[in-house]
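Each chain is listed here by its residues.
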Amino acid sequence: MADAVHEALGRVVKEVAVRAERLWEVALALHADPEYAFEEHRAARLLSGELEREGFTVRRDVAGLPTAFAARAGTVRRPAVALLLEYDALPGLGHACGHNLIAAAGLGAALAARAALGEGAGAVWAVGTPAEEGGGGKVTETEAGVFDDVDAALMFHPGVHSWQWAPLTAQTQYRIGFHGRAAHPTGNPTEGVDALAALIQLFNALAAVGRRLPEGSHVQGIVTDGGLATNIVPEYAEGLFGLRAATTTALEDLAGEVLTCAHGVARAMGTAVTFGRATPRYEHFRDSGALSARFARHLARAGIDLTPPAPGVYLGSSDIGNVSGRVPAIHPYVAIMEPDGCDHTPEFAAAAASHRGRNVMLAATEALACTAVELLLSAQLREQAWREHGSRVPVAARRQPVIPSGC
């Protein structure tokens, strides 16, 4: 078995080298044509078309999302590995999070793994995941069962650090509205119930709460409706509040605190209050140590060393967290800029089309493909990954014939 794995990994290196120029062309095409959440039609066509031309069976409109797709190659159903492709951009900034590199690397890894293994060693999936920056395509796909038949989900993310795993928090947004009574602030001020004053008091209460929140938790709010005119006591005011916490459980606890504050303010100010989730909930990321260690080892061959993340540093949130709650997953960061840089900036967008960006994308492609190959060829590695995840390896993960109806 060791010889078979070694030979397959050697084939991966050759397959990535053969495809290097085309993968970079794909990355640059995405970079030059940014599309935003759930509108990534050209990107989805480009990527799924590449997979289809190399023999993958492609299903589009996955989970009811027009810009999502799932492509599969292999004559057995399990074991199976999914390479994840992100391709949405940021309004006004384009690919300032480097999703063009994520998509090209996931594409190349799926193609190289399938070519290196042939059809019978396991199923290789390439899953197109729209709207990571806002909308949570992976949340919808996870809830629809897209990842129920895979043994791991693999991706990388360009960044300003080279970290073996991603400290990604849970997050969601809530819309909170206060309902008062309109009045003239001079003519009949005692008749008014100022909804905006209630919303301002909520901001004050949450600022006090924020001083005692645990590490990784915070609330950030904006006013989305503050009234219509200065000579009308606002009868309605609304805020949008972003909540983050180190774990999904802590996020739910934080949401409870915010709701308690909102109800308390409403009672004190004589208003009514409405409270509802405005976006899907991103769960915190759970790293597969066994698989991220394999990725790091393969990436080191390109001269890129990954370290653990710096203690107490959080890099935001991502819907990969929801996938990682369902199956073993990796989401390492690989630097395309120096640590004094920052993503979501014009400089990072430029780096995503730079020579360093190209080198990182190709190195990550090879490391992802090698990790996928090892997973499919090693029952022991699958067992370890599932055990770390908190589950025994599913019976379905043993080699099974493919279902004739397609992917």
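Computed from a prediction, not measured in an experiment: that's the story for all the values here.

1. Looking at helix α3 (residues 99-117)
Turn by turn, an α-helix covers 3.6 residues, leaving residues three or four places apart pointing in a common direction. For α3, spanning 19 residues, the distance from its first C-alpha to its last is 27 Å, which sits close to the expected 27 Å at 1.5 Å a residue. In terms of burial, α3 is largely enclosed, as 17 of its 19 residues are buried. Gly-118 sits one or two residues past α3 and shows a positive phi near 80 degrees.

2. Digging into the environment of Arg-387
Inspection of the secondary structure assignment puts Arg-387 in helix α11 (residues 379-389). On the basis of relative accessibility, which here comes to 51%, the residue Arg-387 falls in the exposed class. Taking the C-alpha atoms as reference points, Arg-387 and Ser-288, 99 residues apart in sequence, are found 9.8 Å from one another.

3. With respect to helix α6 (residues 248-269)
The end-to-end C-alpha separation of α6 is 32 Å, in line with the 32 Å expected for 22 residues at 1.5 Å each. Among the residues of α6, those classed as buried are Thr-248, Leu-251, Leu-254, Ala-255, Val-258, Cys-261, Ala-262, Val-265 and Ala-266. Axial view of α6: buried residues confined to an arc of 135 degrees, hence all on one face. More than 90 degrees from the buried face of α6, the exposed residues found are Thr-249, Asp-253, Thr-260, Arg-267 and Ala-268. Summarising the contacts, the buried residues of α6 are in contact with β7 (170-179), α5 (195-210), β8 (218-225), β9 (236-245) and β10 (272-277). Directly beyond the C-terminal end of α6, a positive phi value near 75 degrees is found at Gly-270.

Analysis parameters
- Residues numbered from 1 in each chain as written.
- Predicted model: local features only at pLDDT ≥ 70, side-chain atom pairs only at ≥ 80, totals over all residues.
- Heavy atoms only, no water.
- Helix = DSSP H or I, 4+ residues; strand = E, 2+ residues; numbered from the N terminus.
- Expected span 1.5 Å × (residues − 1).
- Buried < 20%, exposed > 50% of the residue type's maximum accessible area, 1.4 Å probe, protein only.
- Arc of directions from axis to C-beta.
- Contact = heavy atoms within 4.5 Å.

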